[in-house]
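So the chains spell out like this:
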Amino acid sequence: MASQMPKVIDPELIHRYDALGPRYTSYPTARHFHKGITETIFRENVAFSNEDPIPSDLSLYIHIPFCRRPCFYCGCTRIVTHHAPRVSSYLDQLHREIALQGDGIGRDRIVRQLHLGGGTPTYLTDTELESLMRAIRKAFTLDEGLDREFGIEVDPRTVDASRLARFLALGFNRVSFGIQDLDHTVQQAINRIQDPEHTLTLVEKAHHLGFASVNVDLLYGLPGQSPERFQTTIQSVLRVQPGRIALYGYAHLPGQFRFQRKIPSAALPDAHARIALFLMAFERFAASGYHPIGLDHFARNGDKLVDAARDGSLQRNFQGYSTHAGLDSVALGLSAISRIGTLYAQNSKDEADYLTSLSAGHLPIRMGYQLNADDVIRADVIERIMCHEEVDEEAVERRHQIQFRDYFASALESLKDLEHDGLVAQTGKRLILSPTGQILRRIVAARFDAYRPQEDGSRHYSRVI
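This write-up is about the structure you can find in this document. (Residues numbered from 1 in each chain as written. Predicted model: local features only at pLDDT ≥ 70, side-chain atom pairs only at ≥ 80, totals over all residues. Heavy atoms only, no water.)

Quick word on the pairing of strand β21 (residues 430–433)
1) Next: Residue alternation in β21 divides its side chains into a buried set, Leu431 and Leu433, and an unburied set, Arg430 and Ile432.
2) Next: Bridging between strand β19 (residues 390–392) and β21 involves 3 bridges; their strand directions are antiparallel. By the bridge assignment, Val391 is partnered in β21 with Leu431.
3) Next: The pairing of strand β20 (residues 424–427) with β21 spans 4 bridges and is classified as antiparallel. (Buried < 20%, exposed > 50% of the residue type's maximum accessible area, 1.4 Å probe, protein only. Helix = DSSP H or I, 4+ residues; strand = E, 2+ residues; numbered from the N terminus. Pairing = 2+ DSSP bridges.)

Structure below.
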C-alpha cells in the first residue's frame, strides 16, 4: 500500500533516485533515430499534413551553429570559427533550405512560434539577421500579432542595448540570455567570461524595450560552483526580475563532446552537492514568486508558460518547454530536428554534407523516426508527466481508445517502489506526482518508456539532478 504523499521535498529520496536517464525532449529519444527517414518520406508527411481539413499551424526553429570561442560545458552542435566566408557559405545554403521548406508548406499554415538557437545566433551581424528574417517572411506566413512567440537566444557578450532594439524591430518579441553563472571562477573554468553588470543591465533593458518575455539560462553542477557562489548569482539575477528562468543541470559527457574534456571530472560538484545546488535555487525562485514549470523552468504570474501549465497546453520539445501544444515543427539548419505529425526528421550533422545537399537542391535530411501506434500513446503519457503534475487516465483512454490500466499494467506495476516512497500515487483514475516526484519526473516517465529496459544509458544520458 502506498504511503501518504509528502507535502515537502525530500533531498534523501532525490539522492536515492538520482540515476541516469533521458530528458524526454522527444519520445522515442533521438538515440532511436535511424537512417531510414529520407527527404522523400519527409515531403510525403508534409504533403499529408497540408491536406488535413484543419492543418496544424507551425513552429519554426533555425539553427545558427557558429561561436567565436568554445564554452567547455556546451553539448550543442556548434562550429567555432572566425572565418567570415565559412559563415557566408552556411547562410547561403540556409536561405536555400528556407525556400525549399517553404515551397512544401501550405501558405495557409501560420507560423505562431519562431526561435533562433545555436551555437550563437547573435554571432550574426544585424545585416545578416535582417536578410535571414526577409527570407523567412518570403517563404512562410508569419503571425505578426501580439500572440506570436518569436524568440532569439542571446550571448550577452555579443550585444548592447541598440542591438536589442534591432531584434525587436525585426519582429522578435522574446529574448533569452545565456548566463550560466556570474561567478568569475566558474566562468574561467567553463571558458565563458562575461561581465555580470553588462549582462544584468541587458536583462533590464530588454524589459524596458518591451519584449513580451525575457528569459535567462542558468546552469548548476559546473566546475568550481559552491552553494555560496551560486546563491550570489541567483540573488543578482532575481534583482533584475526576468520573466522566466531556465535552470539546467550540466550534463558531463566528455565521450560525446570533446570540449568537455577540458573540464576535469574531479572539479565537478558530487551528486550530493549538485542536489544541494538545485534545491537551493529551487527554493530561492519559489520564495521570489516564480512557479516551477515542468522539469527545469520557472516563470512569474502572467507569463504564458504559467498559463499553459494551468490550462494543459504546455508542451516539451527539443528547445525545452513552450506553449501552443500540437504545432508541427519545421527545423532548419545543421542537425536541426523537425516534427511533422508522427514523424521526426533530422538534418545532417556534418557541415560539408549539409552544404552539398542543399547546393544540389535537396533537403539535408539524414535520419529520423516514424512513431508507431504504441509510440504515440506512450509519448502522450510521457509528455503529461514531463509537463504536468498528473496523468488523467480517462482522458488518455478517450484520446487513444484503450483501457489505461490494462494497457500499462507492467508500467504501473513498476511504479510500486515510487508509490511506496511517496513519489507518485494512483488516486481514482489519476496518477499524481508528489512535490519530490515532480523533481524526479524523468524517473517516473522512464517507467512508461518501452525502450528503456533495452538501453544502457551510462554513455548517453545525464543524471536526473
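Let's talk about the pairing of strand β16 (residues 337–340)
1) Next: Taken together, the 4 bridges between β16 and strand β17 (residues 343–347) define a ladder with antiparallel strand orientation. Looking at the pairing, Ile340 lines up with Leu343 of β17.

Considerations on unusual backbone geometry
1) Next: With an omega dihedral of -10°, the bond running from Tyr27 to Pro28 counts as a cis peptide bond.
2) Next: The residue after Gly118, namely Gly119, is reached through a cis peptide bond having omega 20°.
3) Next: One non-glycine residue, Asn191, lies in the positive phi region at around 60°.
4) Next: By the element assignment, Asn191 lies in the loop between α6 (184–190) and α7 (196–209).
5) Next: On the accessibility criterion, Asn191 (27% relative accessible area) is partly exposed.
6) Next: Located in the positive-phi region is Gln401, a residue other than glycine, with phi close to 55°.
7) Next: On the secondary structure map, Gln401 appears in the loop between α13 (393–400) and α14 (404–407).

Some thoughts on the side chain of Ser335
1) Next: Among the secondary structure elements, Ser335 is positioned in the loop between β15 (328–332) and β16.
2) Next: Those residues in contact with Ser335, other than ones at most four positions away along the chain, are His63, Thr77, Gln346, Asn347, Ser348 and Lys349. (Contact = heavy atoms within 4.5 Å.)

Side note on helix α8 (residues 227–239)
1) Next: Taking 1.5 Å per residue, 13 residues should reach 18 Å; α8 reaches 18 Å between its end C-alpha atoms and fits that length.
2) Next: Residues of α8 that are buried: Phe230, Thr233, Ile234, Ser236, Val237 and Leu238.
3) Next: Tucked inside the fold, the buried residues of α8 contact β8 (174–180), α7, β9 (213–220), β10 (244–249), α9 (271–287) and β11 (290–293).
4) Next: Within two residues after α8, Gln241 carries a phi angle of roughly 50°, on the positive side. (Expected span 1.5 Å × (residues − 1).)

Digging into the environment of Ile465
1) Next: Within the fold, Ile465 resides in the segment after β22 (462–463).
2) Next: Accessibility expressed as a relative area gives 2% for Ile465, which makes it buried.
3) Next: The sequence separation of Ile465 and Tyr123 amounts to 342 residues, and the corresponding C-alpha distance is 31 Å.
4) Next: With sequence-adjacent residues up to four places away left out, Ile465 is seen in contact with Ile14, Asp18, Tyr220, Arg274, Ile275, Phe278 and Ile439.

Observations concerning the state of the cysteines
Note on terminology: disulfide describes a covalent bond linking the sulfur atoms of two cysteines.
1) Next: Considering all chains together, one arrives at 0 disulfides under this definition.
2) Next: Among the cysteines around Cys76, which has no disulfide bond, Cys74 carries the closest sulfur, lying 3.9 Å off. (Disulfide = S-S within 2.5 Å.)

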